[in-house]
Amino acid sequence: MLIAVILALAAGTYGFRVAGVLLRDRLDLPEWSRRLLPVGAAALLAALAATAALTEAGRFAGWARPAGVLVGVLLAWRRVPFVLVVIGAAGTTAVLRLLGVP
Amino acid sequence: MIAVGASFGAVAIAAGLPIWATLTMSAVLYAGGAQFMAVGLVAAGSPLAAVLAGLLLNARHLPFGLALGDSLGPRLRHRLLGSHLLTDETTAFTLARPAGEARRRAFWLAGTLLFVAWNAGTLLGVLAGGTVGDPAALGLDAAFPAGLIALLLPSLRDRDTRHAALSGAALAVAATPVLPAGLPVLLALAGPAAIAVRRRSAPRGGARPALPTRVGAEHTGEGSC
């Protein structure tokens, strides 16, 4: 049964992935909608980042995580290399939690 | 990615998942959020919910594929293989590059590295079991959103993209307490979809060119409002 769950999830997920990629060829999209696709992807990624930064299981995630993310964003804004952005964000959150911030 | 993969491996083993299932999941499903969710729901005894919730969570990969489509390569086998490497991180990394050859190289580089890192991480987590540190104590949960935003920042200089991203993010966060996981993020497509519908009813972009067709429709008298 476990293998059925894994295979169903894998098949469905691959289906979503490959459908988008192959549809792109089949659909003869007008120029304006081609320009809209990256905008849509950016909106999805921003929504994903915001929900991952602020919420956990449908509720507020506590202050430590968004504070770390904010430090990461400020570092990225200052054009600090990507690796340091990620380390800065995780490090800030880790230190805040060490200090007892939820 | 190695660290998050390792925490997945450790969490899955701790939840009672067999080693083969944990490794298989990372290789064939290869979607972090859905994997963590599936482990939780399977351990809670609801396998059907695990499948449905996981698929809902992964529906966002379809628009990602649409946006990246031609960055995977010219041949069908590139597209079939590359599709499996499509993730949030690969999409963000690839779209941050200028279109063309640079973007194609970025896709395959990021896609391959992340796939290897994720699966190597899972293996490490499985082997280390309980000795992998608590991912929350290491602040790993802040790394994912911070990395995504860092990759998105350059594209936010474009006004339309910035508006769509900010309104999508606000909408998704507001909807998170009331909708099941996966749906709030998909709501972010509402903004770009609204633009698409508006452009469609006025193909030349302005309000004026749309007028004649509407008048014409009224003349035929077929519209029953």
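Residues numbered from 1 in each chain as written. Chains lettered and ligands numbered in written order. Predicted model: local features only at pLDDT ≥ 70, side-chain atom pairs only at ≥ 80, totals over all residues.

Comments concerning the domain arrangement of chain B
Residue and element names in this part refer to chain B. As a reminder, the rule being used: The split of the chain into domains comes from an automatic or database domain assignment. We call two residues in contact when the distance between their C-beta atoms, placed using the backbone, is within 7 Å. Helix and strand labels come from DSSP, where a helix needs a run of H or I of at least four residues and a strand needs a run of E of at least two; each type is numbered from the N terminus. In this classification, the charged set is Asp, Glu, Lys and Arg, the nonpolar set is Ala, Val, Leu, Ile, Met, Phe, Trp, Tyr, Cys and Pro, and all remaining amino acids, among them Gly, are polar.
According to the domain assignment, chain B consists of domain 1 (2–154) and domain 2 (158–205). Taking the mean C-alpha position of each, domain 1 and domain 2 sit 24 Å from one another. Across the contact, 8 residues belong to domain 1 and 8 residues belong to domain 2. Looking at the side of domain 1 that touches domain 2, the element that brings in the most residues is helix α4 (residues 47–58), giving 3 residues. Partitioned by chemical class, the residues of the side of domain 1 that touches domain 2 number 7 nonpolar, no polar and 1 charged.

Quick notes on the interface of chain A and chain B
Counting residues at the interface gives 61 residues for chain A and 74 residues for chain B. Considering every element that reaches the side of chain A that touches chain B, the biggest residue donor is helix α2 (residues 31–54) of chain A, with 21 residues. In the side of chain A that touches chain B, the residues fall into 42 nonpolar, 13 polar and 6 charged.

Regarding the confidence of the model for chain A
Heads up, the condition is: Per residue, pLDDT captures the predictor's confidence, and it can take any value from 0 to 100.
When the pLDDT values of chain A are averaged, the result is 92; 100% of them are 70 or greater. When pLDDT is averaged over each helix and strand of chain A, the minimum, 89, is found for α2 of chain A and the maximum, 97, for helix α3 (residues 64–77) of chain A.

Details of the packing of helix α1 (residues 2–26) of chain A against α4 of chain B
Applied cut-off: Each axis is a line fitted through C-alpha atoms, and for a helix only the stretch in contact is used; angles between axes span 0 to 180 degrees, taken between their N-to-C directions. Throughout, the term roughly parallel applies to angles under 35 degrees, roughly antiparallel to angles over 145, roughly perpendicular to angles from 65 to 115, and oblique to all others. Here a crossing is taken to be left-handed if its near helix is turned anticlockwise relative to the far helix by less than a right angle, and right-handed if that turn runs clockwise.
Remark: α1 of chain A packs on α4 of chain B, axes separated minimally by 9 Å, with the N-to-C direction vectors making an angle of 15°. Here α4 of chain B runs roughly parallel to α1 of chain A, going by the angle between their axes. Seen along the crossing, α1 of chain A lies across α4 of chain B with a hand that is right-handed. Along its contact with α1 of chain A, which presents Val-5, Ala-8, Leu-9, Gly-12, Thr-13 and Phe-16 of chain A, the element α4 of chain B presents Pro-47, Ala-50, Val-51, Gly-54, Leu-55 and Asn-58 of chain B.

Here we look at helix α4 (residues 82–98) of chain A
Basically, it comes down to this: Multiplying one less than the number of residues by 1.5 Å gives the expected span of a helix.
Between the first and last C-alpha of α4 of chain A there are 24 Å, a value that for 17 residues agrees with the 24 Å anticipated at 1.5 Å per step. Those residues of α4 of chain A that are buried are in contact with α3 of chain A together with α9 (140–152) of chain B. Looking one or two residues past α4 of chain A, Gly-100 of chain A carries a phi angle of roughly 100°, positive in sign.

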